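# Coordinate analysis (summary)
Read off the chains here:
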Amino acid sequence: MSKRQSVEPPGKEHKSPIPMGCKIGNIVYSSAIGGDDPATGKTSPDPAEQAKTMMENVRRFMTAAGGTPEDIIRLTLYVQDKKIREYFNKEWLAMFPDPHSRPARHALVVDLEKKLFQVEVVAVL
């Protein structure tokens, strides 16, 4: 059995003692991934920019885990308001353009305090 490994993309470390994700063998789970800019730590109030940065952070996370977005089998979207889901959908289609090869997805409307979106991913490398 493989040992558990924390996954920490550069510039995306949590302030709490929580890793950005965890990997055992070829299975990867993320913690919540948001749309904050890893260079500045700031989160844009613009939903289009925040969704784009969040998906770039998903790509960074998957690279740190040793994979790519193609390895993602499930994505859970947490959204502040379902009216802004269209901004996420644009980035979703950019990352997963093939309708026959997309991960499973579920969306929940939740109070995210200052963020508009967060995602969690499950991947098999």
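The text that follows walks through the structure, step by step, so that each part is easy to find. (Residues numbered from 1 in each chain as written. Predicted model: local features only at pLDDT ≥ 70, side-chain atom pairs only at ≥ 80, totals over all residues. Heavy atoms only, no water.)

### Quick look at the overall build of the protein chain
To keep things clear, this is the line we draw: Helix and strand definitions follow DSSP, with helices as H or I runs of at least four residues and strands as E runs of at least two, each counted in order from the N terminus. Within these notes, the globule rule equals 2.2 Å times the number of residues to the 0.38 power, and the radius of gyration is based on C-alpha atoms. We call a residue buried when its accessible area falls under 20% of the maximum for its residue type, exposed when it is over 50%, and partly exposed in between, using a 1.4 Å probe and counting protein chains only. Residue contacts are defined here by distance: any two heavy atoms, one from each residue, within 4.5 Å place the two residues in contact. Each accessible area is a Shrake-Rupley estimate made with a 1.4 Å probe; only the visible protein chains count as cover when residues are assessed. None of His or the chain ends enter the tally, which takes Lys and Arg as positive and Asp and Glu as negative. In plain terms, the charge of a residue is placed at NZ if it is Lys, CZ if Arg, CG if Asp and CD if Glu.
In terms of regular secondary structure, the protein chain is built from two helices and seven strands. The helix and strand sequence of the protein chain, counted from the amino end, reads β-β-β-β-α-β-α-β-β. Computed over C-alpha atoms, the radius of gyration of the protein chain comes to 14 Å, within 12% of the 14 Å expected from 2.2 N^0.38 for 125 residues, which places it in the range of a compact globule. Each of the three principal axes of the protein chain carries a C-alpha extent, and together these read 45 × 35 × 25 Å. Scored against the burial criterion, the 125 residues of the protein chain give a buried share of 39%. When contacts within the protein chain are restricted to residue pairs at least 6 apart in sequence, long-range pairs at least 24 apart make up 66% of them. For the protein chain, the exposed area adds up to about 7400 Å²; of that, 51% sits on carbon and sulfur atoms. Seen as two clouds, the 18 positive and the 16 negative side-chain charges of the protein chain have centres 3 Å apart.

These figures capture arrangement, not role.
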